[in-house]
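In case you want the letters, here they are:
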Amino acid sequence: MRILVTGAAGFIGSTTSEMLLDDGYEVVALDNLSRGRRENVPVRATFVEGDCGDMELIASLGAFDACVHFAARIEPADSMVTPEVFFDNNVGATFRLLRALVENGTSKFVFSSSCAVYGDRVTIPIGEDHPTAPHSPYGLSKLMVEQGLAWFVSQGRIRAASLRYFNAAGGTLAHPERHHPENHLIPLTLAAAAGDRPQISIFGDDYPTVDGTCVRDYIHVSDLARAHVLAIAALDEHPLLTLNLGTGHGYSNRQIVDTVREVTGRDFTVVTTARRPGDPAAAVAANERAQELLGWSLERSDLATIISDAWDAYRVN
Ligand SMILES: NC(=O)c1ccc[n+]([C@@H]2O[C@H](COP(=O)([O-])OP(=O)(O)OC[C@H]3O[C@@H](n4cnc5c(N)ncnc54)[C@H](O)[C@@H]3O)[C@@H](O)[C@H]2O)c1
């Protein structure tokens, strides 16, 4: 099967491309390198440098059995400042991509959605039927694509899975977690442990959580990647899937910092600052639907494994 992976030079796209190749799929890896790195793209994939919204380029690539669409701007805080960039890149480009794919005869689309569609006033654990109320243009961009996809599916033009990730984490030696700019807690904390950053900041310690700091659901990128491979197959049976991808367990920022200290054996400075606007106190997934419909189970998503894999990947790279 021939798969188009957009955003394949990024963290989750590169890991998933690797897994698809291991499973015998042919991968065409597309990325405009606005954030990702060329060296992240697996050497076995065919790399195409370009924009996923470039319909002529997509048309020139020929027919695919499926597209796994990771390409997006991913920084919620930036989206509060320049929402138009997020609507253009994450929504406009996605629907141009979709049009070109449908015209080419591609029948399956797996979309990187986010728990950001639920917003900041949530009931834990968050199931897929929880009301959506994104609090950032980033989260809204994901919801807009989900809703548009449902129309394409209802018209019988494509089969689509919207996978709502909670916090992707961990990493593999070939594909460490590395964003530009980096604003994810685990890589920032590992950088502090390695002495590459002077300190790590925790935003707010007065939330109604176990220790006052925000709680998030961290899922290993390998488990996330596996869910995408399974989703491609599950679309044969289900024309439209909306699934949470998380572990069902939440860890506070302080628990992350403590586990990084334990796993690395290093100490570093932690500074507590004011809350960031729009950060929910907690975000933890109910993941039973994904387990049931994909036949998916978690293999590397206990916190110690996530952090130890991320540390190994950080040091090698
Ligand atoms: N990292 C997380 O915890 C998380 C959580 C929820 C959802 N997501 C979603 O998962 C996807 C992948 O996230 P990631 O952490 O790997 O991010 P990333 O920034 O590492 O990867 C995104 C890639 O997309 C590319 N890209 C962006 N716009 C493009 C365009 N118009 N055309 C072609 N390439 C483009 C970038 O160059 C980058 O390589 C994103 O859609 C993100 O919104 C991530």
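Preceding this paragraph is the structure being described.
None of the values given here were measured: they were computed from a predicted structure.

Caption draft 1: Fine view of the sheet that holds strand S14 (residues 282-283). Spatially, 3 strands are ordered S12-S9-S14 in an open sheet, and the strand pairing comes out mixed. Unpaired on one side and paired on the other, strand S12 (251-252) and S14 mark the two borders of the sheet. Of the pairings in the sheet, the one linking strand S9 (residues 215-216) to S14 comprises 2 bridges and is parallel in character. Across the sheet, Arg216 pairs through a bridge with Ala283, a residue of S14.

Caption draft 2: Representation of the site of the ligand in the model. Around the ligand, a shell composed of 30 residues is seen, among which Asp31, Phe70, Asn89, Tyr138 and His179 lie nearest. Contact distances for the ligand include 2.6 Å between an oxygen atom and a side-chain N or O atom of Tyr138. One of the side-chain nitrogen or oxygen atoms of His179 is found 2.8 Å away from an oxygen atom of the ligand. Here the ligand, which alone exposes 830 Å², has 96% of that area covered by the protein. Residue composition of the shell around the ligand, by class: 13 nonpolar, 13 polar and 4 charged.

Caption draft 3: Looking closely at helix H1 (residues 11-22). The first and last C-alpha atoms of H1 sit 17 Å apart over 12 residues, in line with the 16 Å expected at 1.5 Å per residue. On the buried face of H1, the contacting elements are strand S1 (2-6), strand S2 (26-31), strand S6 (159-165), strand S7 (167-169) and helix H7 (221-234). After H1 finishes, the residue Gly24 shows a positive phi value of roughly 95°.

Caption draft 4: Quick look at the pattern of salt bridges. For the coordinates displayed, the defined rule picks out 19 salt bridges. Ionic pairing is found between Glu26 and Arg2, a salt bridge with its closest N-O pair at 3.4 Å. Of this pair, Glu26 sits in strand S2 while Arg2 is found in strand S1, placing the two residues 24 residues apart along the sequence. By relative accessible area, which is 43% here, Glu26 ends up partly exposed.

Caption draft 5: Quick peek at the packing of aromatic side chains. This model, assessed by the stated rule, comprises 3 aromatic pairs. Between the aromatic rings of Phe95 and Phe152, the centroid separation amounts to 6.1 Å while the plane-to-plane angle is 25°, which identifies the pairing as stacked. One end of the pair, Phe95, is in helix H4 (residues 83-104); the other, Phe152, is in helix H5 (residues 137-154), with 57 residues separating them in the sequence. A single burial state applies to Phe95 and to Phe152, both of which are buried. Their ring planes at 15° and their centres at 6.2 Å tell us that Trp311 and Tyr314 sit as a pair that is stacked. Placement of the pair is Trp311 and Tyr314 together in helix H10 (residues 303-316), with a separation of 3 residues, close to one helical turn. Residue Trp311 is classed as buried on the basis of its relative accessible area, which comes to 4%. Residue Tyr314 is classed as partly exposed on the basis of its relative accessible area of 24%. The cationic tip of Arg261 hangs over the ring face of Phe268; the distance from NZ or CZ to the ring centre is 4.9 Å.

Caption draft 6: A look at the nonpolar core. In terms of nonpolar packing, the biggest core is built from 38 residues, with Ile3, Ile12, Leu20, Val110, Leu163, Leu245 and Leu294 touching the most fellow members. Secondary-structure elements contributing two or more residues to this core are S1, H1, S2, strand S4 (66-69), S6, H7, strand S11 (240-245) and helix H9 (288-294). Top element by residues in this core is H7. It accounts for 8 residues. Apart from residues lying up to four places away in sequence, Leu20 is in contact with Ile3, Val5, Tyr25, Val27, Val229 and Ile232.

Caption draft 7: Highlighting the side chain of His228. Relative to the assigned elements, His228 resides in helix H7. Relative accessible area serves as the criterion here: at 1%, His228 is assigned to the buried category. Engagement of the side chain of His228 in a polar contact is seen with the side chain of Tyr165, the distance being 2.6 Å. Ignoring anything within four residues of it in the chain, the contact list for His228 reads Thr16, Val68, Phe70, Val110, Leu163, Tyr165 and Leu245.

Caption draft 8: Quick look at the pairing of S2. When you tally the buried positions in S2, you get 5 out of 6 residues, the bulk of the element. Bridge count for S1 against S2 is 5 bridges, and the pairing is parallel. When the bridges of S2 are listed, Val5 appears paired with Ala29. Regarding topology, H1 serves as the crossover connection from S1 to the parallel S2, and that connection is right-handed. When S2 meets strand S3 (residues 46-49), the two strands line up parallel, connected through 4 bridges. When the sheet's bridge partners are listed, Asp31 is paired in S3 with Glu49.

Thresholds, definitions, all that
Residues numbered from 1 in each chain as written. Predicted model: local features only at pLDDT ≥ 70, side-chain atom pairs only at ≥ 80, totals over all residues. Heavy atoms only, no water. Pairing = 2+ DSSP bridges. Helix = DSSP H or I, 4+ residues; strand = E, 2+ residues; numbered from the N terminus. Near = heavy atom within 4 Å. Polar contact = N/O pair within 3.5 Å; in protein donor to acceptor, adjacent residues only side chain to side chain. Areas by Shrake-Rupley, 256 points an atom, 1.4 Å probe, with all protein chains shown as cover. Nonpolar A, V, L, I, M, F, W, Y, C, P; charged D, E, K, R; others polar. Expected span 1.5 Å × (residues − 1). Contact = heavy atoms within 4.5 Å. Salt bridge = Lys/Arg side-chain N within 4 Å of Asp/Glu carboxyl O. Buried < 20%, exposed > 50% of the residue type's maximum accessible area, 1.4 Å probe, protein only. Phe/Tyr/Trp six-rings, centres within 6.5 Å; stacked < 30°, edge-to-face > 60°. Lys NZ or Arg CZ within 6 Å of the ring centre and 35° of its normal. Core = buried A, V, L, I, M, F, W, Y, C linked by side-chain atoms within 4.5 Å. Right-handed = clockwise from strand over helix to strand, strands pointing away.

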